[in-house]
Amino acid sequence: MREPEPAARRGVPEELRRALAAEISLGSRIRHVAVGLAGGCGAALIAVLWATEPHPLPVRTRAAFAGLIAIGLAWAAFAGWVLSRRRPLYARDRVLAARLALVAAAATGAAGTALAAVRAGTAGVLVTAPVGVLLVTAAGLALARARSHRRELLRLRSALRQDTP
């Protein structure tokens, strides 16, 4: 009879086992499918609206549509990348998603504040700018948490590899 592997006998640390199980679970995959569909469908809907306009759109509207299409396609590409992986990503997907959210929040906040400055004046800027700052702050915190989580998973993986003969 074969003796179990030394790592299997000792066991994988429970924290690492839970984290990896959550990364490759069916629920995680379904969430990524939903993100991909939302991004792709949103981008397609905006592209169809843009393409079916009977008259040329103003430059700012075209720029806004192009930006929204790019954001939707980025989320769809992200979901495709995650779903194409067959092994744990050690939270690399979380870091990438948080970076994408930070870029989208910064672009949206800056564009919204600029539009408010042109159209609504000081009052509009005083409402729009704090909302943009709040979104960027939330995305920045998500990025910091994702990086921290990834570092911890990589530390656990490294410790496990060092213990294995």
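Residues numbered from 1 in each chain as written. Predicted model: local features only at pLDDT ≥ 70, side-chain atom pairs only at ≥ 80, totals over all residues. Heavy atoms only, no water.

Our next topic: the packing of aromatic side chains. Applying the stated criterion across every chain yields a total of two aromatic pairs. A centroid spacing of 6.0 Å and a plane angle of 75° characterise the contact between Trp 50 and Phe 65, whose relative ring orientation is edge-to-face. Taken together, the positions of Trp 50 in helix H3 (residues 26-51) and Phe 65 in helix H4 (residues 59-84) put the pair 15 residues apart, joining distant regions of the chain. On the basis of an interplanar angle of 90° and a centroid distance of 5.7 Å, the ring pair of Trp 75 and Phe 78 is categorised as edge-to-face. Separated by three residues within a single helix, Trp 75 and Phe 78 lie in helix H4, roughly one turn from each other. A relative accessible area of 6% places Phe 78 in the buried class. (Phe/Tyr/Trp six-rings, centres within 6.5 Å; stacked < 30°, edge-to-face > 60°. Helix = DSSP H or I, 4+ residues; strand = E, 2+ residues; numbered from the N terminus. Buried < 20%, exposed > 50% of the residue type's maximum accessible area, 1.4 Å probe, protein only.)

What follows deals with the packing of H3 against H4. Two quantities define a packed helix pair, namely the angle between the axes and the distance from one axis to the other. With their axes 8 Å apart at the nearest point, H3 and H4 run at an angle of 155° to one another. It follows from the interaxial angle that H3 and H4 lie roughly antiparallel. When the axes of H3 and H4 are compared, the crossing they make is left-handed. Partitioning the contact of H3 with H4 into residue classes produces 17 nonpolar, five polar and two charged. (Axes fitted to C-alpha atoms, helices over the stretch in contact; angles between N-to-C directions. Parallel < 35°, antiparallel > 145°, perpendicular 65-115°, else oblique. Left-handed = near helix turned anticlockwise from the far one by under 90°. Nonpolar A, V, L, I, M, F, W, Y, C, P; charged D, E, K, R; others polar.)

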